[in-house]
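A closer look at the structure
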Amino acid sequence: MIRELDAVTVDQIAAGEVVEKPANAIKEMVENAIDAGATHITVEIEDGGISLMRVTDDGEGIAPDDVRRAFLRHATSKITQINDLYSLHTLGFRGEALSSIAAVARVEIITRTQDELSGIRYCIEGGREVLYEEVGAPRGTTIIARNLFYNTPAREKFLRKPQTEGSHVADLMEHMALSHPEIAFRFVNNHVDRFHTAGTGDLKENIYRIYGRDLAAAVVPIDCEQNGMRLSGYLGEPSVNRGSRSYELFFVNGRYIRDKVLSMALEEGYREYVMQHKFPFAVLSLTVPTDEVDVNVHPSKMEVRFRRVRELSAFITGAVHEVLSGREMLADVLRDEKEEQREGLLFAEENEAERYAIPHRAEPFEQMRIVQTTKPAEKLYAYGLKETPFIMSDSAPEPPEHQRTEMTTADQPATDPLTERILSETGREEYRILGQLFDTYWLIAYRDRLLLMDQHAAHEKVNYERMMKRYHEHAVITQLIDPAVVLNLTSAEYDLLQGFLEVFQKLGFEIEDFGDRAIALRGIPTDLYGAASGQTLFKDILDELSEEQLSDRDPQAVTMRIAGMACKASVKGNTPMTAEEVNALLDELLTLENPYHCPHGRPTIITMSKYEIDKRFKRIVD
Ligand code: ADP
Ligand code: MG
């Protein structure tokens with residue numbers, strides 16, 4: 001027998017999609033408060049929200065006549081027809097949050113509009129009205145939801161421990177506060193004030209309040225616009241890279257969104273700054289015309305679809321890359337105080353190498369930005385160095401004869417601030433190579449600093465930049481290998497290679513199909529020549545290629561990735577280097593836009609200040 005379900009059952013079923021856990025309900029209630037124009041929103045939960053959720057706002061309130069209707073399924077004041085979705089300026093539009101929450105909890109609402117003298121108190125439990133009365137109330141709305149899923153025990157079983165649910169709500173509240181810095185949020189968990197924001201509109205202040213001082217000090221502002229799309233917010237420096245994607249926060253037209261396309265675009269922009277299996281920290285607001293984004297793809301409204309998705313991801317990647325590359329990000333050995341206390345001597349510990357690899361927040365010296373040029377390209381002043389001028393010269397130093405490629409310093413645009421800064425004759429002359437350590441690192445003295453350069457990372461970086469430059473200028477040079485190297489591939493390798501054959505060829509590889517899954521490698525890009533045998537080089541690239549899912553990336557990104565792999569493979573192993581070669585390497589490294597990280601995001605140079613060294617020897621006590 002087929003029968004129509006009653007309204008309460010329909011709402012309970014719908015609630016399954018909208019309210020799966022306390023955090024979903026809180027999200028809906030907070031979005032309603034934001035839509036109501038609130039400037040202050042307080043959220044309180046008890047037992048992870050399961051026994052109590054309370055959301056209080058100072059928004060426009062609900063008129064007495066509308067209160068009951070607000071709890072009807074598909075009742076909304078925000079749209080009247082489907083096309084309104086494409087000019088939507090509110091977070092809500094489905095008209096099913098209040099009805100869903102009321103279907104699975106005991107709900108009480110107290111609300112008053114500006115125009116009314118008294119407010120309304122309305123109680124609805126499991127979808128059934130139990131009270132409707134006039135009460136005195138401040139302007140705005142308070143919604144209390146108690147005993148979530150009290151009437152749907154089967155659903156209740158799917159709830160996690162109160163602590164877990166509470167932490168989901170806390171995450172959500174952080175996102176809400178970051179997405180709307182103009183609203184003062186307060187979050188109380190089990191009577192404990194967890195955080196509050198000031199609502200001054202200052203996003204950085206919110207980052208400080210939510211994530212703390214160290215993180216707030218390690219972010220770079222971004223604000224870029226293109227064809228009606230705007231990306232603004234903060235990017236974390238590489239020193240604060242995370243182990244997961246949970247700190248890649250995107251707010252699309254004020255809505256917190258988790259989206260693979262956005263994440264990939266962001267990560268692509270960070271490519272040179274993030275090591276494998278690490279992810280950036282970023283809090284980004286993306287504003288796009290409302291008709292370009294479809295918000296109606298999921299009941300929880302956490303996913304969207306974009307119309308110009310290619311253009312959008314290229315815009316994000318480009319903007320992020322531009323901001324990061326304009327910023328000096330030299331990994332510093334100086335640890336923060338907390339770490340300092342946790343451990344003993346500098347060189348005593350085994351995990352030292354690992355720690356060195358993790359870039360730390362740059363000191364003011366590293367963060368020095370050029371703030372003023374008195375005469376163009378003559379004197380530059382930088383933060384952190386007080387009044388010490390960087391004297392500029394028109395002619396950059398000539399690189400050694402054997403090192404002259406089309407990447408010579410003279411080719412660098414004179415206006416590139418980073419190049420100017422380090423390539424000043426004064427600066428370069430002050431680099432003193434002290435010697436080599438562990439066959440891998442070079443110790444270099446520079447002013448009041450000790451630099452440690454990883455020769456492989458540096459070499460990899462220089463090769464990569466040269467290769468990409470030739471590629472972009474359509475001036476790829478192939479060095480022929482004679483005799484050709486014949487490689488027998490596994491079928492997986494063979495298939496993989498077929499998919500990227502064109503990319504390899506454009507980068508300067510000459511590959512011929514030999515039949516029966518064998519290929520002949522006849523030539524390799526000239527920048528990779530001589531470093532490793534063609535055979536190992538190519539096998540290494542294929543190995544790395546097989547570990548990565550490149551097929552769904554855009555062609556440009558794939559090319560850069562493969563070039564990066566090639567360079568990594570080409571400098572593998574402990575190749576001995578003479579001081580002269582290191583000098584040349586350093587020369588070239590310093591001309592690069594981002595000399596500080598190899599294409600795989602590993603640092604090329606780390607530094608230690610005299611201050612740090614003095615401190616280690618207890619010459620300075622603080
Ligand atoms: P939607 O937000 O999709 O419109 P909801 O079920 O969340 O649907 O809310 C229904 C209606 O109730 C909203 O359209 C709005 O008019 C009203 N409403 C809900 N919460 C509030 C609030 N905190 N302040 C003012 N009005 C509210
Ligand atoms: Mg809503």
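Coordinates for the structure precede this section.
In what follows, the accompanying structure is described. (Residues numbered from 1 in each chain as written. Chains lettered and ligands numbered in written order. Predicted model: local features only at pLDDT ≥ 70, side-chain atom pairs only at ≥ 80, totals over all residues. Heavy atoms only, no water.)

1. A few points about the sheet that holds strand β12 (residues 255–257)
The strand order across the open sheet formed by five strands is β9-β10-β13-β11-β12, and the pairing between neighbours is mixed. Each edge of the open sheet carries a strand with a single partner, namely β9 (219–226) and β12. On average, each strand axis in the sheet is tilted by 20° relative to the strand beside it, whichever way the strands run. Bridge analysis of strand β10 (residues 229–236) against strand β13 (residues 282–287) gives six bridges, and the strand direction is antiparallel. The partner of glycine 233 across the bridge, within β13, is leucine 284. The sheet contacts of helix α7 (residues 203–211) involve β9, β10, β11 (248–252) and β13, and relative to β10 the element is tilted by about 40°. (Pairing = 2+ DSSP bridges. Helix = DSSP H or I, 4+ residues; strand = E, 2+ residues; numbered from the N terminus. Axes fitted to C-alpha atoms, helices over the stretch in contact; angles between N-to-C directions. Contact = heavy atoms within 4.5 Å.)

2. Thoughts on the nonpolar core
One recurring pattern in soluble globular proteins: nonpolar side chains tend to sit buried together. Core analysis: the biggest nonpolar cluster contains 63 residues, and Ile26, Val30 and Ile41 have the highest contact counts within it. Those residues in contact with valine 30 that lie beyond four places of it in its chain are Ile41, Val43, Val55, Met173, Met176 and Phe185. (Core = buried A, V, L, I, M, F, W, Y, C linked by side-chain atoms within 4.5 Å. Buried < 20%, exposed > 50% of the residue type's maximum accessible area, 1.4 Å probe, protein only.)

3. A few points about the site of ligand 1
Contacts to ligand 1 come from 19 residues, most closely from Asn32, Thr76, Ser77, Lys78 and Gly95. Take serine 77: an N or O atom from its side chain is 2.5 Å from an oxygen atom of ligand 1. Threonine 141 places a side-chain nitrogen or oxygen 3.4 Å from a nitrogen atom of ligand 1. In isolation ligand 1 offers 530 Å² of accessible surface; the protein chains occlude 93% of this area. A class-by-class count of the residues in the shell around ligand 1 yields eight nonpolar, seven polar and four charged. (Near = heavy atom within 4 Å. Polar contact = N/O pair within 3.5 Å; in protein donor to acceptor, adjacent residues only side chain to side chain. Areas by Shrake-Rupley, 256 points an atom, 1.4 Å probe, with all protein chains shown as cover. Nonpolar A, V, L, I, M, F, W, Y, C, P; charged D, E, K, R; others polar.)

4. What to know about the side chain of arginine 155
Mapped onto the elements, arginine 155 comes out in helix α5 (residues 153–156). Here valine 19 takes part through its backbone oxygen, which lies 2.8 Å from a polar atom of the side chain of arginine 155.

5. Re the sheet that holds strand β25 (residues 518–525)
Spatial ordering of the open sheet is given by β23-β25-β24, a layout of three strands whose pairing is antiparallel. A strand with exactly one partner marks an edge of an open sheet, and here the two such strands are β23 (478–488) and β24 (510–515). Averaged over neighbouring strand pairs, the angle between their axes works out to 15° when direction is ignored. Set on the sheet, helix α16 (residues 491–507) makes contact with β24 and β25; between it and β24 the angle comes to about 150°.

6. Details of the pairing of strand β26 (residues 605–609)
Among the five residues in β26, five count as buried, and that is most of the element. A two-sided burial pattern is seen for β26, the buried positions comprising Ile605, Thr607 and Ser609 on one face and Ile606 and Met608 on the other. When strand β22 (residues 449–454) meets β26, the two strands line up antiparallel, connected through five bridges. Opposite leucine 452, over in β26, you have isoleucine 606 as the bridge partner.

7. Topic: the packing of aromatic side chains
A complete count under the given rule lists twelve aromatic pairs for this structure. On the numbers, 5.6 Å between centres and 65° between planes, the contact of tyrosine 211 with tyrosine 247 is edge-to-face. Taken together, the residues tyrosine 211 in helix α7 and tyrosine 247 in the loop between β10 and β11 connect sequence positions 36 residues apart. For tyrosine 247, a relative accessible area of 25% corresponds to the partly exposed category. (Phe/Tyr/Trp six-rings, centres within 6.5 Å; stacked < 30°, edge-to-face > 60°.)

8. Description of the pattern of salt bridges
For the structure on display, the rule yields 29 salt bridges. Between glutamate 292 and arginine 308 there is a salt bridge whose closest N-O contact spans 2.8 Å. Of the two residues, glutamate 292 is situated in the loop between β13 and β14 (293–294) and arginine 308 in the loop between β15 (305–306) and α10 (309–325); the sequence distance between them amounts to 16 residues. Of the charged contacts, one joins lysine 461 and glutamate 465 as a salt bridge, the two residues approaching to 3.0 Å between their closest N and O atoms. Of this pair, lysine 461 and glutamate 465 both sit in helix α15 (residues 455–472), four residues apart, which is roughly one turn of the helix. Each member of the pair, lysine 461 together with glutamate 465, is buried. (Salt bridge = Lys/Arg side-chain N within 4 Å of Asp/Glu carboxyl O.)

9. Some words on α10
For α10, which comprises 17 residues, the first-to-last C-alpha distance of 24 Å matches the rise-based estimate of 24 Å (1.5 Å per residue) to within 8%. By the burial criterion, the buried members of α10 are Leu312, Ser313, Phe315, Ile316, Thr317, Ala319, Val320, Val323, Leu324 and Ser325. (Expected span 1.5 Å × (residues − 1).)

10. Considerations on the environment of glutamate 60
Looking at the element boundaries, glutamate 60 is found in the loop between β2 (52–57) and α3 (64–70). Overall, the relative accessible area of 46% leaves glutamate 60 in the partly exposed class. Sequence separation between glutamate 60 and threonine 113 is 53 residues; the distance between their C-alpha atoms is 5.5 Å. With sequence-adjacent residues up to four places away left out, glutamate 60 is seen in contact with Ala36, Arg112, Thr113, Gln114 and Arg139.

11. Some remarks on the pairing of β9
Note: β9 against β10, eight bridges, orientation antiparallel. Within the sheet, the bridge partner assigned to glutamine 226 lies in β10 and is methionine 229. Linkage of β9 to β10, two consecutive antiparallel strands, is achieved through a turn of two residues, within which asparagine 227 is found at a positive phi near 45°.

12. Digging into the packing of helix α2 (residues 22–35) against helix α6 (residues 162–179)
Packing of α2 against α6 leaves a shortest axis separation of 9 Å and a crossing angle of 25°. On the basis of the axis angle, α2 is roughly parallel to α6. The hand of the α2/α6 crossing is right-handed. Between α2, through Pro22, Ala23, Ile26, Lys27, Val30, Glu31 and Ile34, and α6, the contact on the second element is made entirely by Glu165, His168, Val169, Leu172, Met173 and Met176. Classifying every residue of the contact of α2 with α6 by side-chain character gives nine nonpolar, one polar and three charged. (Parallel < 35°, antiparallel > 145°, perpendicular 65-115°, else oblique. Left-handed = near helix turned anticlockwise from the far one by under 90°.)

13. Quick word on the environment of isoleucine 605
Within the secondary structure, isoleucine 605 is located in strand β26. For isoleucine 605, a relative accessible area of 5% puts it in the buried group. As a C-alpha pair, isoleucine 605 and leucine 443 span 162 residues in sequence and 9.8 Å in three-dimensional space.

14. Regarding helix α1 (residues 7–18)
Here α1 is twelve residues long and its end C-alpha atoms lie 16 Å apart, about the 16 Å a rise of 1.5 Å per residue gives. Every buried residue belonging to α1 is among Val8, Asp11, Ala14, Ala15 and Val18, and all of these are buried. Viewed end-on, α1 has its buried residues packed into an arc of 125°, placing them on one side of the element. The exposed residues of α1 that point more than 90 degrees off its buried face are Ile13 and Glu17. Buried residues belonging to α1 abut α2, α4 (97–104), β5 (128–135) and α5. (Arc of directions from axis to C-beta.)

None of the figures reported here should be taken as evidence of function without further support.
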